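# Report on the structure
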Amino acid sequence: MIETVASQLPCFSDLHLMDVGHGFRTGSPAGRLDSHELDEGVDITVTYIDFLGKLQTFKVNSRNLSSSWVWESSFGANHTQAMVGLRQEGSPQKIASGIQDNAQPSTDQNQQATPIIPVKLKRQQLRQKRKEMRTQELINMSKETELEMQRAAIERTKQFNNTVRGKYNIWRKEYNSPHSDSTLKLLKDQIIMAKVYASIARSKNVFDLYDSLMRHIKDSRHAIGDANSDTDLHESALEQAKAMGHALSVARDMLLDTDVVARKLRTMVQSADESMNAVKKHNTFLVQHAAKTIPKPLHCLPLQLTTDYFLHNYTSKELADKNKLEDPSLYHYAIFSDNVLATAVVVNSTVIHAKGPEKHVFHIVTDRLNFAAMRMWFIVHPPSPATINVENIDDFKWLNSSYCSVLRQLESARIKEYYFKANHPSSLSVGNENIKYRNPKYLSMLNHLRFYMPEVYPKLDKILFLDDDVVVQKDLTPLWSLDLKGMVNGAVETCKESFHRFDTYLNFSNPKISENFDPQACGWAFGMNIFDLKEWKKRNITGIYHYWQDLNEDRKLWKLGSLPPGLITFYNLTYPLERSWHVLGLGYDPAVNPSEIENAAVVHYNGNYKPWLDLAFTKYKSYWSKFVKFDNPYIQRCYMD
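Quick notes on the rules
Residues numbered from 1 in each chain as written. Predicted model: local features only at pLDDT ≥ 70, side-chain atom pairs only at ≥ 80, totals over all residues. Heavy atoms only, no water. Helix = DSSP H or I, 4+ residues; strand = E, 2+ residues; numbered from the N terminus. Buried < 20%, exposed > 50% of the residue type's maximum accessible area, 1.4 Å probe, protein only. Polar contact = N/O pair within 3.5 Å; in protein donor to acceptor, adjacent residues only side chain to side chain. Core = buried A, V, L, I, M, F, W, Y, C linked by side-chain atoms within 4.5 Å. Pairing = 2+ DSSP bridges. Axes fitted to C-alpha atoms, helices over the stretch in contact; angles between N-to-C directions. Contact = heavy atoms within 4.5 Å.

## Re the side chain of His-448
With respect to the secondary-structure elements, His-448 resides in the loop between helix H15 (432–436) and helix H16 (453–456). Here His-448 falls in the buried class, since its relative accessible area comes to 2%. Among the polar contacts listed, one links the side chain of His-448 to the side chain of Tyr-545, at a separation of 3.2 Å.

Here is the structure:
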């Protein structure tokens, strides 16, 4: 056996081994090991000082060493004792040397190394050859290849996910324990049991114990603070856990009654469940309230624009070439919105990515309140060379309650009572679904104008409808050349497994619905839709829409909104587009696939978390904000003040 002593951690490159006269076969030449001993291996005892300063040992067999380790024998003329050691091939420092009887240096002949096995020596030579070849390749590498390698390394770095790196870093204290939050969990469990026993103690008038437990609960909460793991706990946490454990032991000896404890725990669980439901309901109300509230900058912007519109007499200013507005050979877009900034982002992002933008025509319809502001924005910031036209929905005289079912319903006393009656139940006292449908957008005819495309644009053959909460990231012109196979509406389907199918939106307990539609039919999305207006007229789509709206006057077939009647109106008349054309969910889903967002032609912030609100998901906001001209004086005036 060979024993070694190391002053560092057990790293073989730092070992110094010495022969103590063991492991040699009797009668073998001095300092030599025969082939049988080499094949069986030699046990080596390694002694080292660990990081705590303690002496440690472990054993290793020479057969387990890598091929870079070789035996070295040295002999001196006056040596009477064999010397055998180990050294690592190619190392300038001798790793192991034999103990010598005197300080005489060995000759060169005696210092020659003999590999353990020829195969290992061959491996060493091959490795050395590969190293030399790789070194030569790096030396002869061209500048272009080197830059390409750098770019590839940068891309790999960008894709590296280090979100949990800190938590699992080996230098953190909790890495040493497989239960890094065990103390935190213990403290929380102790608080629960202390509450139970404190309640029992109070009911039995054991006030000393009650006061003691409440004091310990307070101290434990202080020790926990905002901690999420043991490393975040206050330094007194462990001592507090011990003190609480002693207090609970005393309480258990005095008050333990399993039936009473079980009842108290059930009561606590029920109370916690009720509190959680109340918090969820309150959160839903606040989110819905924030979603329908106009932020100050968005309120300021149309006021500033409207003031300048009339102050500088832009009322007679023409925005567009009339001939282009009705030319079916061009690419026409319809945007119905009362949000100036959102509409500007849709137009800007579309024009930037359009091929031949001079052939693109934008038809914007807004309400009377925002008409002047919308016109003023695009007069001052025309999306050249594209064409744009802004219209007021109140100028569509044909759109009245005698023709339009939904307008007649919105003007009915029943709807007014539902929305505006003063003694109606408050928002927090009704179901969450009712809170959602009190959003003013469901009362706006801009939300239903999409069902009147041929009436609004009678001379066009195809038109692309865009919501005001989308961002365009690619050229959309290929949509006009798509063959819709005789369908009227081209849209991206949204059903995934059992989600977003017809039974999600429609009331299939009503026979009018169940007898006409398949509950498992796949839903699709408004927001980016290519409409064939020729087929629309041929199939009388607006008439179908009116028919079902009349049947739903009591809102028993579906709730308010435009998607449910859209699913009904375009049932079996919708052509499914590739999903990459329209990626949804940026307004409600924090887990949308980033690669899908990057590859999407259009991204849609459908949901409550609109990009212009403080509610918006931060990681999605940049896709929208990069098309906002923050250096614009109107925006600076409203957003900076």
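This is not the end of the story, as more comes after the structure.
## Remarks on the nonpolar core
Considering soluble globular proteins, one finds that nonpolar side chains tend to be buried as a cluster. In terms of nonpolar packing, the biggest core is built from 61 residues, with Leu-464, Leu-466 and Leu-476 touching the most fellow members. Of the residues forming this core, the biggest block, eight residues, is contributed by helix H11 (residues 340–353). Judged by nonpolar contacts, the second largest core, of 43 residues, contains Cys-404, Leu-460, Val-488 and Tyr-545.

## Looking at the sheet that holds strand E8 (residues 331–336)
Read across the open sheet, the seven strands follow the order E10-E9-E8-E11-E14-E13-E15; overall the sheet is mixed. The open sheet terminates on both sides in strands that have one partner only, identified here as strand E10 (387–392) and strand E15 (574–576). Direction aside, neighbouring strands of the sheet carry axes that sit 25° apart on average. Here strand E13 (residues 489–491) runs beside E15; their pairing, made up of three bridges, is parallel. Looking across to E15, one finds that Ala-491 is bridged to Pro-576. Here H11 sits on the sheet in contact with E8, strand E9 (360–366), E10 and strand E11 (462–466), set at roughly 175° to E9. Across the face of the sheet, helix H12 (residues 371–380) comes into contact with E9 and E10 while running at roughly 170° to E10.

## Details of the sheet that holds strand E17 (residues 602–604)
With mixed pairing, the three strands of this open sheet are ordered in space as E12-E17-E16. Strands with a single pairing partner mark the edges of an open sheet, and in this sheet they are strand E12 (470–472) and strand E16 (582–583). Pairing analysis gives three bridges linking E12 to E17, with the strands arranged antiparallel. When the sheet's bridge partners are listed, Val-470 is paired in E17 with His-604.

## Focus on the environment of Glu-535
Along the polypeptide, Glu-535 turns up in helix H19 (residues 533–539). By relative accessible area, which is 14% here, Glu-535 ends up buried. Separated by 38 residues in the primary sequence, Glu-535 and Leu-573 place their C-alpha atoms 9.7 Å from one another. Apart from the residues within four sequence positions on either side, Glu-535 is in contact with Gly-486, Met-487 and Val-488.

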